[in-house]
Amino acid sequence: MTEHAPRAVVTAGTGGIGLETALGLTRRGWDVTLVARDPARAEAAVARVDEAAGRTAGRFVRADLSSLAATRRPGEHLAAEGALNLPVNNVGGMWSERWESPEGIEGSIALNHLSPYVLTETLLDALAAAAPSRVVNVTSSAITAAQAVFEDAEPPGPHYGLPATGRAKLAHLAHSMELAGRLAPRGISVIAADPGAAATGNAALMTLDILPPAMRPFWEQIQKGVSAPAAAATGPLAAALDPALDGRTGLVVGPDGTVDDTLLAFVTPEVTEAVRRWTAELMAAGQAS
């Protein structure tokens, strides 16, 4: 890795959108740390990153990002290394079956909201040391299917993957916009990026069961809209690198790489306040477990 290269961290960076984003960064001269679980996939991903850069530009940090404690530890380690220019919080997903994190938190909440929340908080001093710096949070159009109810850990009724992920992504988008205001005085911009539907490994595992019954007639249409991961990295890479975004914060970049405020219509003051309380309760419960 190069001493004066800008430093980025990409979560879930060993495949799919995360890997394509890492490749795009290294082709532009960045050093990239990939944070994920699987060492075998990581070895192959780091080799691709180095090949794309034409030098040693990648490394791997192992972490189970569904766990709050396991996310905090590598974050603190990375922060201790000094100035950091960019975390890309790409980790997330959608699942047909409900599952729980090691702390007993529903999985889509843990990975789509709490993991990037925890990692970013641990990196703030390192980001301030590199200011002007950016935080890129990968969001999703699944927000449009969210049940925006945040009184309890999970809304009442059956669990369906799409609205569950949409709810977690809505929570994190609301948090991102609030975080943008908090971090602006420290020279840290926060930008959300919607990659669009991507043909990732996670997407390949999805079944009709992710949809509430009323949406199931649209399953084939949804599947046809899936793009390749390389194309889906356009939004995250623009959010990370576009010089037109210098000095700007609290934005959403769409799948085509341009600013698109469509999803921000779902981030009302009421949702933001509810998410703030809900997140604090989830964090307290997770730390107590």
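Everything discussed here concerns the structure shown above.
Values in this document were obtained by computation on a predicted structure and should not be read as measured data.

### Some thoughts on the sheet that holds strand β4 (residues 86–89)
Working step 1: Overall, parallel pairing links the seven strands, which are arranged β3-β2-β1-β4-β5-β6-β7 in an open sheet. Of all the strands in the sheet, just β3 (58–62) and β7 (251–253) have a single pairing partner and so form its edges. If you compare each strand with its neighbour and ignore which way they point, the axes differ by 20° on average.
Working step 2: Bridging between strand β5 (residues 133–138) and strand β6 (residues 188–193) involves six bridges; their strand directions are parallel. When the bridges of β6 are listed, Val-136 appears paired with Ile-191.

### Concerning the packing of helix α1 (residues 16–27) against helix α9 (residues 234–241)
Working step 1: One way to put it is that α1 packs onto α9 with a least axis distance of 9 Å and a crossing angle of 40°. Accordingly, the angle class assigned to the pair α1 and α9 is oblique. Like other packed secondary-structure pairs, α1 and α9 cross with a definite hand, here right-handed. Of the residues in α9, those touching α1 at Ile-17, Glu-20, Thr-21, Gly-24 and Leu-25 are Pro-236, Leu-237, Ala-240 and Leu-241.
Working step 2: Counted by class, the contact of α1 with α9 contains six nonpolar, two polar and one charged residues.

### Considerations on the environment of Ala-40
Working step 1: Residue placement: Ala-40 occurs in helix α2 (residues 39–53).
Working step 2: Once the C-alpha coordinates of Ala-40 and Thr-14 are considered, the two residues, 26 residues apart in sequence, prove to be 9.4 Å apart.

### Some thoughts on the pattern of salt bridges
Any two side chains of opposite charge can pair, on the condition that their charged atoms come close.
Working step 1: Applying the stated criterion to the full structure yields 11 salt bridges.
Working step 2: Between Glu-121 and Arg-182 there is a salt bridge whose closest N-O contact spans 2.6 Å. With Glu-121 in helix α4 (residues 107–129) and Arg-182 in helix α5 (residues 161–183), the pair connects residues that are 61 residues apart, well separated along the chain.
Working step 3: Under the relative-accessibility criterion, Arg-182 is labelled partly exposed at 44%.
Working step 4: A salt bridge links Glu-273 to Arg-277; the shortest N-O distance between them is 3.4 Å. Residue Glu-273 and its partner Arg-277 are located together in helix α10 (residues 269–288), separated by four residues, close to a single helical turn.
Working step 5: Take Glu-273: its relative accessible area is 31%, and that puts it in the partly exposed class.
Working step 6: What emerges from the salt-bridge pattern is a single network uniting Glu-178, Glu-273, Arg-276 and Arg-277.

### Some thoughts on the side chain of Thr-14
Working step 1: Relative to the elements of secondary structure, Thr-14 occurs in the loop between β1 (7–11) and α1.
Working step 2: Contact partners of Thr-14, with chain neighbours within four places excluded, come to Leu-19, Ala-36, Arg-41, Ala-42 and Ala-45.

### Examining α5
Each full turn of the α-helix corresponds to 3.6 residues, which orients residues three or four apart in the same direction.
Working step 1: Taking 1.5 Å per residue as the helical rise, α5 with its 23 residues ought to reach 33 Å, and the 32 Å between its terminal C-alpha atoms agrees with that figure.
Working step 2: Counting buried residues along α5, 20 of its 23 residues qualify, which places the element largely inside the surrounding structure.

### Considerations on the pairing of β4
In summary, the side chains of a regular strand alternate between the two faces of the sheet.
Working step 1: Alternating positions in β4 separate into two faces, Leu-86 and Val-88 on one and Pro-87 and Asn-89 on the other, with burial throughout.
Working step 2: Viewed along the sheet, the connection from β4 through α4 into β5 turns out right-handed.

### Description of the packing of α4 against α5
In a packed pair of helices, the relevant descriptors are the angle between the two axes and the axis-to-axis distance.
Working step 1: One can describe the packing of α4 onto α5 by two numbers: an axis separation of 7 Å at closest approach and a directional angle of 20°. With respect to each other, α4 and α5 are oriented roughly parallel. Crossing geometry of α4 relative to α5 is assigned as right-handed. On α5, the residues that touch Ser-108, Ile-109, Asn-112, His-113, Pro-116, Tyr-117, Thr-120, Glu-121 and Leu-124 of α4 are Ala-164, Thr-165, Arg-167, Ala-168, Lys-169, Ala-171, His-172, His-175, Leu-179, Arg-182 and Leu-183.
Working step 2: In the contact of α4 with α5, the residues fall into nine nonpolar, seven polar and four charged.

### Focus on the packing of aromatic side chains
Working step 1: A complete count under the given rule lists two aromatic pairs for this structure.
Working step 2: Each ring, one from Trp-95 and one from Trp-99, has its centre 5.3 Å from the other, and the planes form 80°; the classification is edge-to-face.
Working step 3: The exposure class assigned to Trp-95 is partly exposed, which follows from its relative accessible area of 22%.
Working step 4: Residues Phe-150 and Trp-278 carry aromatic rings whose centres are separated by 5.0 Å and whose planes lie at 65° to one another, so their mutual orientation is edge-to-face. Here the residue Phe-150 occupies a position in the loop between β5 and α5, and Trp-278 occupies one in helix α10, the gap between them amounting to 128 residues.

Cut-offs and rules
Per-chain numbering applies: the sequence of each chain, read as written, is numbered from 1 onward. With pLDDT at 70 or above as the cut-off, local features in this predicted model cover only qualifying residues; side-chain atom pairs require 80 or more to be listed or tallied, and sums for whole chains, interfaces and linings still use all residues. Only hydrogens and water are set aside when side-chain values are computed; all heavy atoms of the structure are taken into account. Here, strands pair whenever DSSP counts at least two bridges between them. The secondary structure listing takes helices from DSSP runs of H or I that are at least 4 residues long and strands from runs of E that are at least 2 residues long, numbered from the N terminus. Only C-alpha atoms enter the line fits that serve as axes; for helices the fit covers just the stretch in contact. Angles between N-to-C directions range over 0 to 180 degrees. To sort the angles, those under 35 degrees are grouped as roughly parallel, those over 145 as roughly antiparallel, those from 65 to 115 as roughly perpendicular, and the leftovers as oblique. A clockwise turn of the near helix away from the far one marks a right-handed crossing, whereas an anticlockwise turn of less than a right angle marks a left-handed crossing. Here, residues are in contact when the closest pair of their heavy atoms is within 4.5 Å. Classes in brief: Ala, Val, Leu, Ile, Met, Phe, Trp, Tyr, Cys and Pro nonpolar; Asp, Glu, Lys and Arg charged; the others, Gly included, polar. By definition, a salt bridge exists where a carboxyl oxygen of Asp or Glu is found within 4 Å of a side-chain nitrogen of Lys or Arg. Relative accessibility thresholds used throughout: buried, under 20% of the residue-type maximum; exposed, over 50%; partly exposed, between the two (1.4 Å probe, protein chains only). In this scheme, a helix's expected span is set at 1.5 Å multiplied by one less than its residue total. Viewed with both strands pointing away, a crossover whose connecting path from the first strand over the helix to the second turns clockwise is right-handed. Note on ring pairs: Phe, Tyr and Trp rings are taken, using the six-membered ring of Trp, and paired if centres are within 6.5 Å. Classes follow the plane angle, with under 30 degrees stacked, over 60 edge-to-face and the rest tilted.

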